[in-house]
Amino acid sequence: MGIRVDTDADKKEAVIEAVLFTMGESVPLEKLAFVLGASLEETKGLIQDMMARYEQENRGIQIIELDGAYQMCTKKQMYEYLIKIAAQPQKQALTDVLLETLSIIAYKQPITRMEIEKIRGVSSGHAVNKLVEYNLVCEVGRLDAPGRPLLFGTTEEFLRSFGVQSIDDLPQPEAGMVEEFRHEAEAEMEIRLKV
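The text that follows walks through the structure, step by step, so that each part is easy to find. (Residues numbered from 1 in each chain as written. Predicted model: local features only at pLDDT ≥ 70, side-chain atom pairs only at ≥ 80, totals over all residues. Heavy atoms only, no water.)

### Structural notes on the pattern of salt bridges
Scanning the model with the defined rule gives 11 salt bridges in all. Salt-bridge contacts for E42 lead to K12; the nearest nitrogen and oxygen are separated by 2.9 Å. Here the residue E42 occupies a position in helix α3 (residues 40–56), and K12 occupies one in helix α1 (residues 8–23), the gap between them amounting to 30 residues. Look at E42 and you get partly exposed, because its relative accessible area is 34%. You can call K12 buried: its relative accessible area is 12%. The salt bridge partner of K130 is E133, with a shortest N-O separation of 3.6 Å. In this pair, K130 and E133 both sit in helix α7 (residues 125–133), 3 residues apart, roughly one turn of the helix. Given a relative accessible area of 24%, K130 falls into the partly exposed group. Salt bridges sharing common partners tie together D8, K12 and E42. (Salt bridge = Lys/Arg side-chain N within 4 Å of Asp/Glu carboxyl O. Helix = DSSP H or I, 4+ residues; strand = E, 2+ residues; numbered from the N terminus. Buried < 20%, exposed > 50% of the residue type's maximum accessible area, 1.4 Å probe, protein only.)

This is the structure we're talking about:
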């Protein structure tokens with residue numbers, strides 16, 4: 001068996017692996033390219049090669065892309081084995097109210113609490129606070145308006161939890177469904193007004 005000589009690409013891949021492993025969270029492509037002293041294209045190519053190789057070699061880890069950033073994580077298929085070693089992590093249950101609020105934020109972000117309440121028709125402070133606590137939503141700035149209300153948007157944890165790479169990958173409702181939702185909302189408003 002011959003001695004393997006590390007190439008420049010091998011060294012760069014090792015650096016990417018070390019950075020992603022150590023950071024434990026996603027790292028933007030630009031930062032990885034800067035660390036490597038390489039172009040964005042070269043860096044992205046190296047990462048994609050690594051992703052394909054990890055998959056081909058059937059490793060327990062993978063690199064995922066999250067909105068132009070990359071993170072090393074465990075493959076979902078390995079969770080049952082990890083549970084045997086560690087205590088089973090507590091999954092937060094999302095109620096219908098939280099899911100409704102989260103979907104409004106995901107599709108309308110950045111959005112203020114008042115805008116969320118206008119769409120839902122009820123107070124949403126508790127729901128927004130819970131979503132922030134679960135790290136699915138975060139404050140993304142302030143609206144340039146009187147009182148400078150907080151703006152909310154989704155987090156990388158939201159992308160991970162729902163298995164999408166970016167907000168642009170969220171499913172878009174069909175035109176017929178939008179009309180059906182509108183009729184349901186109007187009917188619900190009529191019932192509320194009669195009560």
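### A word on the pairing of strand β2 (residues 61–66)
Pairing of β2 with strand β3 (residues 69–74), which is carried by 6 bridges, proceeds in the antiparallel orientation. Note that in β3 the partner of E65 across the bridge is Y70. Hairpin connection between β2 and β3: a loop of 2 residues separates the two successive antiparallel strands, and D67 in this loop has a positive phi of roughly 55 degrees. (Pairing = 2+ DSSP bridges.)

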